[in-house]
Amino acid sequence: MSEYICPHCQQPIYDDEALLCLYCGQSLNRSVGFMGKLKYPKPKIIIVIIVVLVLVSFMILMIR
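Residues numbered from 1 in each chain as written. Predicted model: local features only at pLDDT ≥ 70, side-chain atom pairs only at ≥ 80, totals over all residues. Heavy atoms only, no water.

Asks: A description of the overall build of the protein chain should follow, citing residues and the corresponding values.
Replies: Looking only at helices and strands, the protein chain features two helices and two strands. For the protein chain, the N- to C-terminal ordering of α and β elements is β-β-α-α. Counting only residues that meet the buried cut, the protein chain has 11% of its 64 residues in that class. Total accessible area computed for the protein chain in this model is approximately 5600 Å², and 67% of it derives from carbon and sulfur atoms. (Helix = DSSP H or I, 4+ residues; strand = E, 2+ residues; numbered from the N terminus. Buried < 20%, exposed > 50% of the residue type's maximum accessible area, 1.4 Å probe, protein only. Areas by Shrake-Rupley, 256 points an atom, 1.4 Å probe, with all protein chains shown as cover.)

Asks: Could you give an account of a nonpolar patch on the surface, naming the residues involved and the relevant values?
Replies: Among the surface-exposed residues, V48, V52, V56 and I60 lie close enough to one another that they form a single nonpolar patch of about 330 Å² accessible area. Mapped onto the elements of the fold, V48 is located in helix α2 (residues 43-63). (Patch = residues over 30% accessible without salt bridge, like charges linked within 9 Å, V, L, I, M, F, W, Y side chains within 5 Å. Salt bridge = Lys/Arg side-chain N within 4 Å of Asp/Glu carboxyl O.)

Asks: Any details on the environment of S57? Residues and values, ideally.
Replies: Examined against the element boundaries, S57 turns out to sit in helix α2. What makes S57 partly exposed here is its relative accessible area of 46%.

Asks: Describe the confidence of the model for the protein chain, naming the residues involved and giving the relevant values.
Replies: Per-residue pLDDT for the protein chain has a mean of 81; in total, 80% of the residues score no lower than 70. Looking over the protein chain, one finds the lowest element-wise mean pLDDT in helix α1 (residues 33-39), namely 60, and the highest in α2, namely 91. (pLDDT = per-residue confidence, 0-100.)

This is the structure:
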């Protein structure tokens, strides 16, 4: 079991799947799996998704 330190109250959290601190209730800013990354997106992920959509749209337009 790994230990995670809460960024707000500095208490150790031993639950691997916890999204909220047990002591102060603040968010641990964790993203779990692919859907968790989409829930807390980083600007880099959004830019990559937009670029991929533009490229796919361009390729579809050229094929027609």
